[in-house]
Amino acid sequence: MRVAIVGIGHVGLPTAAALAHIGHDVRAIDSDGAKVAMLGDGRSPFYEPGLDDLISEGVSGGRLKFSTEPAQVIGGAAVVFICVGTPPRASGEASLVAMERAAETIAAHSSGDVVVVQKSTVPTGTATRLGEHLSRYNPNVRFHVVSNPEFLREGHAVEDSLRPVRILVGGDSQLAFEVMRELYAPVVAEGAKWIETDVNTAELAKHASNAFLATKISFANALARVCELADADVVAVADAMGSDPRIGRAFLDAGLGYGGYCFPKDLASFERLSSRLGYDFGLLREVARVNEEAVESAFKKIEQELWNLEDKRIALLGLSFKPGTDDTRFAPSLELARRLIDAGAHVVGYDPEAAENARAEVPQLETVDDVYSALRDAHCAVVATEWDEFNDLDLEKTAELMAFPIIVDGRNVFDRAEMARHPFTYLSTGRPPVRPSRTERRGPEQGDQWA
Ligand code: UGA
């Protein structure tokens, strides 16, 4: 099937590459010529595991093409996906300016019957507005608008595009449903659950899914605060809760809170939409407040331990909003970096992928190319993103390199018993602190005179 993709970011690009992989003739558009050239060479402009290979496969097989020309991409397409950004306005509402611009371009280059798929995350009611505007811009085309929200996770976008858990399509046109069933048939054959609804329901289901996952995280973070006061272990509590299938263990990891370009903005947008419709969804404001508290709690732990932050060197391990991506948008790590820098600390960050993006957002942040350079002479190390390589840290070397062996673990990556075997002050999230015993603190060469 001839498919056009408008907007080739974190959603559009994996979607385009996956649809080409299952055999469709996919053309994608972007106004940035340099980006189009890079994609034509089979390279993704951002880091996403497996995506370069999938793009190369599509490009070399002739099923995936990139262009700056709308006529080449949209003209002749049976299905046009809109995957443009919906950034937050100051009010928290999503800006739909890019959506309307996409509609205008699509309308100018379409003919006959065209299925327009709204994949961007948008407030309920957007697909209806989109349909009205498409027809206004070009009354001669029969547009069939559907909502097909994406549930891709950054860092797993390839896997989630090729083997999604569910495919949700909301619409009111039989022709559109038939086209969408045919489009996704190979993916459904692999086991994806197929769900059809009306458009408003599909749009709302997407916002509700992200809001619910964010609520689970904030519940775990609020629980972490209580566990810290009660000397209990939030990981063990989450394990016990999560063993009940009605609750589930996923998204109950306490830490620095959620970030990224989805949860913070989608939650705000959903809260604004509910309010505009006449319902005060105060729970969502509380979820966002608890999320901000997570960074603040880590900041207070560091401040409490270091006494004065001025002139202290702090190693920040992990800068992306989560592992597996170089995306630093709304990253809790950077929020913490800003707080520490404002308080006078010198923050040295390390991240296997996201250093460049982090520096662009926080220019006062120093970044280094290996984790031990960040740890050298640090008065405190903070784990902000749970990259796998932090599990393999040489703890003995770490303790020796640091000026003060203090670790604040904002993602609970280390085992407390293991940390207790080293001279660390180990402050994790929602778990009892580990402090060096007096023997370890004074050092072996000083014998028993302090006993
Ligand atoms: C999220 C959803 O998981 C996807 O289903 C959705 O398609 C996507 O938003 C979107 O709307 O585009 P993503 O933002 O890539 O995906 O990342 P998640 O894996 O959901 O993590 C979001 C944040 O929550 C990260 O900062 C992560 O560190 C944090 N998190 C996650 C926790 O703090 N605790 C947890 O237990 C889980």
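Residues numbered from 1 in each chain as written. Predicted model: local features only at pLDDT ≥ 70, side-chain atom pairs only at ≥ 80, totals over all residues. Heavy atoms only, no water.

**Student:** What am I meant to see in the overall build of the protein chain here?
**Tutor:** When helices and strands are tallied, the protein chain shows 18 helices and 14 strands. The C-alpha atoms of the protein chain give a radius of gyration of 25 Å, which matches the 22 Å a tight globule of 451 residues would have. Each principal axis of the C-alpha atoms in the protein chain carries an extent, and together these give about 90 × 50 × 40 Å. A fraction of 70% describes how many contacts in the protein chain between residues 6 or more apart in sequence connect residues 24 or more apart. By element, 51% of the accessible surface of the protein chain is carried by carbon and sulfur atoms, the whole surface being about 19900 Å². (Helix = DSSP H or I, 4+ residues; strand = E, 2+ residues; numbered from the N terminus. Rg over C-alpha atoms; globule rule 2.2 N^0.38 Å. Contact = heavy atoms within 4.5 Å. Areas by Shrake-Rupley, 256 points an atom, 1.4 Å probe, with all protein chains shown as cover.)

**Student:** Is there a simple way to explain the pairing of strand β2 (residues 25-29) in this structure?
**Tutor:** Side-chain positions along a regular strand alternate between the two faces of the sheet. One ladder, built from five bridges, connects strand β1 (residues 2-6) with β2; its direction is parallel. Within the sheet, the bridge partner assigned to V6 lies in β2 and is I29. With respect to chirality, the unit in which β1 leads through helix α1 (residues 12-21) into the neighbouring parallel β2 is right-handed. With four bridges connecting them, β2 and strand β3 (residues 64-67) associate as parallel partners. (Pairing = 2+ DSSP bridges. Right-handed = clockwise from strand over helix to strand, strands pointing away.)

**Student:** Could you clarify how one ought to interpret the sheet that holds strand β12 (residues 380-383) in this entry?
**Tutor:** Strands pair in a sheet through their backbones, by hydrogen bonds, and they do so in one of two ways: parallel or antiparallel. Pairing is parallel in the open sheet, where six strands are placed in the order β11-β10-β9-β12-β13-β14. Each having just a single partner strand, β11 (366-367) and β14 (425-427) make up the two edges of the open sheet. Where strand β9 (residues 313-317) lies against strand β10 (residues 346-350), five bridges are found, and the strand directions are parallel. Among the inter-strand pairings, A315 is bridged to a residue of β10, identified as V348.

**Student:** Mind showing me how you'd approach the packing of aromatic side chains here?
**Tutor:** Describing an aromatic ring pair means giving the distance of the ring centres and the angle of the ring planes. Here the structure, examined in full by the defined rule, presents eight aromatic pairs. Plain terms: the ring middles of Y279 and F281 are 5.6 Å apart, the flat faces sit at 70° to each other, and that makes the pair edge-to-face. You can call F281 partly exposed: its relative accessible area is 22%. The structure contains a cluster of three or more aromatic residues connected by ring pairs, namely F251, Y258 and F263. In this structure, R329 packs its charged tip against the face of Y261, placed 4.0 Å from the ring centre. (Phe/Tyr/Trp six-rings, centres within 6.5 Å; stacked < 30°, edge-to-face > 60°. Buried < 20%, exposed > 50% of the residue type's maximum accessible area, 1.4 Å probe, protein only. Lys NZ or Arg CZ within 6 Å of the ring centre and 35° of its normal.)

**Student:** How should the site of the ligand be read in this particular structure?
**Tutor:** If you check the shell around the ligand, you find 20 residues, and the closest are E150, L152, E154, K206 and N210. Within the side chain of E150, one N or O atom sits 2.6 Å away from an oxygen atom of the ligand. Taking L152, its main chain carries an N or O atom lying 2.8 Å from an oxygen atom of the ligand. Those elements giving two or more residues to the shell around the ligand turn out to be α9 (199-230) and α11 (263-277). (Near = heavy atom within 4 Å. Polar contact = N/O pair within 3.5 Å; in protein donor to acceptor, adjacent residues only side chain to side chain.)

**Student:** Explain the layout of surface pockets here, please?
**Tutor:** Over the atoms, a rolling probe the size of a water molecule traces out where space has been left empty. As a volume, the second largest pocket reaches approximately 490 Å³. A breakdown of the residues in the lining of the second largest pocket according to their chemical character gives twelve nonpolar, three polar and eight charged. (1 Å grid on protein atoms, 1.4 Å probe; cavity = no way out; pocket = protein on both sides within 12 Å on 5 of 7 lines; lining within 4 Å. Points joined across faces, edges and corners; volume = space filled by probe spheres on them. Nonpolar A, V, L, I, M, F, W, Y, C, P; charged D, E, K, R; others polar.)

**Student:** Could you clarify how one ought to interpret the packing of helix α12 (residues 282-306) against helix α13 (residues 332-342) in this entry?
**Tutor:** For any two helices packed against each other, one specifies the inter-axial angle together with the distance between the axes. Contact pair α12 / α13: the axes reach a minimum separation of 10 Å and the direction vectors enclose 45°. Overall, the two elements α12 and α13 adopt an arrangement that is oblique. Our pair here, α12 against α13, has a crossing hand that is right-handed. For the pair α12 and α13, the contacting residues are V295, E296, A298, F299 and I302 in the first and P332, E335, L336, R339 and L340 in the second. (Axes fitted to C-alpha atoms, helices over the stretch in contact; angles between N-to-C directions. Parallel < 35°, antiparallel > 145°, perpendicular 65-115°, else oblique. Left-handed = near helix turned anticlockwise from the far one by under 90°.)

**Student:** Even after reading the chapter, I still don't get α1, so can you show me in this structure?
**Tutor:** With nine of ten residues buried, α1 is to be regarded as a mostly interior element. Taken as a whole, α1 has its buried residues at G12, L13, P14, T15, A16, A17, A18, L19 and A20. G23 occupies a position one or two residues after α1 and carries a positive phi of about 110°.

**Student:** Any chance you could explain the environment of P405 here in plain terms?
**Tutor:** By the secondary structure assignment, P405 is in the loop between α16 (395-401) and β13 (406-409). For the pair P405 and A238, spaced 167 residues apart in sequence, the C-alpha to C-alpha distance is 28 Å. Not counting the four nearest positions on each side in its chain, P405 is found in contact with A399, P423, F424 and T425.

**Student:** Hey, could you run me through the confidence of the model for the protein chain in this one?
**Tutor:** The predicted coordinates ought not to be read in detail in places where the model reports low pLDDT. Summarising the model, the protein chain shows a mean pLDDT of 95, and 97% of its residues fall at 70 or more. Counting interchain partners and residues more than four positions distant, the pLDDT-below-50 stretch residues 442-451 has five contacts. (pLDDT = per-residue confidence, 0-100.)

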